[in-house]
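Letter by letter, the chains look like this.
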Amino acid sequence: MFVIIYFMKVIWNSAITLDGNIAKVDGNSDWPIEADSKLFNQQVQKSGAVIIGRNTFEQYKGEVFPIEGATTFVWTQNIQSCELHYGVEYVSGTVNNIVELLERSGYTECVLAGGSITNNAFVSAGLIDEIIVTIYPLLFGHGMRFLSVENCDIKLKLLESKNIGEGVIRNIYKVLR
């Protein structure tokens, strides 16, 4: 067995509730505050690329995605059924294939922004280098979990913690290897 080393940095950026949900059961996640949205857009523009799943793209198409000044890579299993959009590229295959594609295209970092299936696939493959998590003072009980990978054992180092307003805390962690 051999290990493939990627040089591109993958930054997982997510807004979560205090009880660990990224969305309500129905997929609704329209609660991020303006300051968080602005920081997210700045991070994506700095990276030049954001990776999201097809469901997340369809839910937020025209509202959040695509982000001006960056390419939105939409991970899907059915590229043929996708509509063309400026600033959007559809990708399929494994998450390792996606990282290889972005690296070959000259990207040195990208933002991973959901949804749940996409996030879990990248975590399971060990491709996350940094996590930016914005914690909201909300409790949903049931919902889409921040992480639902079994046998996950990832050590993190807190790099920064900041109150961005309205009781919302933004933490930045480095994944320790």
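Note that residues are indexed from 1 along each chain, following the sequence as it is written. In keeping with the predicted nature of the model, local features appear solely for residues at pLDDT of at least 70, side-chain atom pairs appear and are counted solely at 80 or more, and the whole-chain, interface and lining totals rest on all residues. Neither water nor hydrogens contribute to the side-chain values; these are computed over all heavy atoms in the structure.

Of note, the bond from F65 into P66 is cis; its omega dihedral lies within 30 degrees of zero at 0°. For P66, the location among the structural elements is in the loop between α2 (54-60) and β4 (71-75). Following G114, the chain continues into G115 via a peptide bond in cis, with omega recorded as 5°. Where helices and strands are cited, they refer to DSSP runs of H or I of at least four residues and of E of at least two residues respectively, numbered from the N terminus. Here G115 lies in the loop between β6 (109-112) and α4 (116-124). Unlike most non-glycine residues, E166 shows phi in positive territory, near 60°. Relative to the elements of secondary structure, E166 occurs in the loop between β9 (155-165) and β10 (168-176).

What the eight strands build is an open sheet, ordered β5-β4-β3-β6-β1-β7-β10-β9; its pairing is mixed. Strands with a single pairing partner mark the edges of an open sheet, and in this sheet they are β5 (88-91) and β9. For this sheet, the mean angle separating the axes of adjacent strands, direction not counted, is 25°. Think of it this way: DSSP has to see at least two bridges between two strands before they count as a pair. Across four bridges, the pairing between strand β1 (residues 9-17) and β6 is parallel. Bridge pairing in β6 links W12 to L112. In the packing of α4 onto the sheet, contacts are made with β1, β3 (49-53), β4 and β6, and the angle to β3 comes to roughly 115°. For helices, the fitted line uses only the C-alpha atoms of the stretch in contact; every axis is such a line through C-alpha atoms, and the angle between N-to-C directions lies from 0 to 180 degrees. Contacts are residue-level and defined by heavy atoms, with any inter-residue pair within 4.5 Å sufficient.

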